[in-house]
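Listed below are the residues making up each chain.
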Amino acid sequence: MTATKAAFIGLGTMGYPMAGHLATAGHEITVFNRTRTRAEAWVREHGGRLGGTPAEAAAGAHLVFTCVGNDDDLRVVVYGTDGAFAGMEEGAVLVDHTTASGLVAREVGRAAAKRGLGFLDAPMSGGEEGAKKGILTIMVGGAPETFAKAEPVIGAYARAVTLMGPVGSGQLTKMVNQICCVGIIQGLAEGLNFALRAGLDANKVVDVISKGAAQSWQMDNRARTMIEDRFDFGFAVDWMLKDMRIVLAEAGENGAQVPVATLVEGYLARLQEQGAGRLDHTALIRLLGEA
Ligand SMILES: NC(=O)c1ccc[n+]([C@@H]2O[C@H](COP(=O)([O-])OP(=O)(O)OC[C@H]3O[C@@H](n4cnc5c(N)ncnc54)[C@H](OP(=O)(O)O)[C@@H]3O)[C@@H](O)[C@H]2O)c1
């Protein structure tokens, strides 16, 4: 694959290793991070260049990647005189890996088209571990010709990259992923809490039932830490609450019934109020210990 001139904006938990894989694959990378020290650390580790603003980082890049927190963060790094769009040249493509709303994806997609730029909404699944190992699953919305430009480069940090439909389809697919995840995690929390209250050996229960129909990624990877009451890692309550609110807003538009997601949104909000926003969202089990 030919080396590409690319920019990466947002070197957080996910973005830092993802940008690292691009550099390792031989692409010419300029990075921007709001907290500059993190971008400096990335350049020390991987080489490449540092942009003072998203616009500066994006100047001359064929592909510009963003991976920030939410809808408003995306607008901050894309629009305005310092935003990525201001630095991008006609024909360049913005690939957004933020988990954001379908609304903002369509809005940024329209703004990109007006400037002669391509846009792909490309949220991901696989967590910090998937980003570090370069084995993320990426679900993409956008035009096929735009996807064709970005897909081989995204392959540096993904094991599956799938075009789901027009702009916004990536975010909608990620919403389905999150609806499924919260249902499974809440079910796992209730099952494990039940096992503990019933006086069973919860680890032994997991050993047995994980070989049957109740098996899931969550059971294999999170049941032990839930039993041990350990949540200092993983995907934060704050992030899952943001994602549930995106789901509920979209369901309000398309009429889908999401009773479990609605319940879990309330539980996550309670955890956040209790100051547990940065804990892994499997801390949902803690609420079952409340009187
Ligand atoms: N972590 C996961 O397991 C996971 C899995 C799948 C999807 N996601 C999604 O991926 C996205 C990023 O997650 P993460 O875990 O990498 O988050 P993170 O560690 O909090 O990093 C967020 C990044 O966005 C930057 N940022 C936030 N607001 C900004 C703003 N207003 N202007 C400029 N930069 C801003 C932050 O800069 P600073 O360094 O200055 O704060 C940081 O680089 C989120 O949408 C999340 O839902 C995360």
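Conventions we followed
- Residues numbered from 1 in each chain as written.
- Predicted model: local features only at pLDDT ≥ 70, side-chain atom pairs only at ≥ 80, totals over all residues.
- Heavy atoms only, no water.
- Salt bridge = Lys/Arg side-chain N within 4 Å of Asp/Glu carboxyl O.
- Helix = DSSP H or I, 4+ residues; strand = E, 2+ residues; numbered from the N terminus.
- Buried < 20%, exposed > 50% of the residue type's maximum accessible area, 1.4 Å probe, protein only.
- Near = heavy atom within 4 Å.
- Polar contact = N/O pair within 3.5 Å; in protein donor to acceptor, adjacent residues only side chain to side chain.
- Areas by Shrake-Rupley, 256 points an atom, 1.4 Å probe, with all protein chains shown as cover.
- Nonpolar A, V, L, I, M, F, W, Y, C, P; charged D, E, K, R; others polar.
- Core = buried A, V, L, I, M, F, W, Y, C linked by side-chain atoms within 4.5 Å.
- Contact = heavy atoms within 4.5 Å.
- Pairing = 2+ DSSP bridges.

A. Here's a closer look at the pattern of salt bridges. Scanning all chains against the criterion turns up 11 salt bridges. Between Glu128 and Lys132 there is a salt bridge, and its shortest N-O distance comes to 3.1 Å. In this pair, Glu128 and Lys132 both sit in helix α7 (residues 127-133), 4 residues apart, roughly one turn of the helix. Owing to a relative accessible area of 34%, Glu128 belongs among the partly exposed residues under this scheme. Residue Asp207 pairs with Arg224 through a salt bridge whose shortest N-O separation is 2.6 Å. Taken together, the residues span a long stretch of sequence, with Asp207 in helix α10 (residues 202-209) and Arg224 in helix α11 (residues 217-227) at a distance of 17 residues.

B. Here's a closer look at helix α1 (residues 15-24). Of all 10 residues in α1, 8 are buried; the element is thus mostly enclosed. Taken together, the buried positions of α1 are Gly15, Tyr16, Pro17, Met18, Ala19, Gly20, Leu22 and Ala23. In the stretch just after α1, Gly26 is the one whose phi turns positive, near 100 degrees.

C. Structural view of the site of the ligand. As a matter of local geometry, the ligand sits amid 23 residues, with Thr13, Asn33, Thr35, Gly69 and Lys242 nearest to it. For the ligand, a nitrogen atom lies 3.1 Å from a polar atom in the side chain of Asp73. Lys242 places a side-chain nitrogen or oxygen 2.9 Å from an oxygen atom of the ligand. Computed on the free molecule, the ligand has an accessible area of 900 Å², of which 87% lies beneath the protein chains in the complex. Where the shell around the ligand is concerned, the elements lending two or more residues are α4 (71-78), α7 and α12 (237-254). Tallied by class, residues from the shell around the ligand come to 9 nonpolar, 9 polar and 5 charged.

D. Local environment of the environment of Leu120. With respect to the element layout, Leu120 can be found in strand β6 (residues 118-121). Each C-alpha atom of the pair Leu120 and Ala7 lies 15 Å from the other, and the pair is 113 residues apart in sequence.

E. Structural detail: the nonpolar core. Judged by nonpolar contacts, the single largest core of 33 residues is most densely connected at Leu192, Met226, Met244, Leu268 and Leu271. Of all the secondary structure elements, the ones that give two or more residues to this core are α9 (169-197), α10, α11, α12, α13 (259-273) and α14 (284-287). For this core, the element with the highest residue contribution is α9, accounting for 8 residues. Setting aside chain neighbours within four positions, we find Leu192 in contact with Val206, Ala223, Met226, Ile227 and Ile285. With 32 residues, the next largest nonpolar core counts Tyr16, Ala19, Ala23 and Ile29 among its residues.

F. Focus on the pairing of strand β5 (residues 93-96). With burial as the criterion, each face of β5 is covered, one bearing Val93 and Val95 and the other bearing Leu94 and Asp96. Both strand β4 (residues 63-66) and β5 contribute to a ladder of 4 bridges, which runs parallel. Bridged to Thr66 within β5 is Asp96. Pairing between β5 and β6: 4 bridges, direction parallel.

G. Representation of the side chain of Gln218. Tracing the sequence through the fold places Gln218 in helix α11. A relative accessible area of 8% means that Gln218 is categorised as buried. If sequence neighbours within four positions are ignored, Gln218 has contacts with Cys181, Ile184, Ile185, Leu188 and Ala223.

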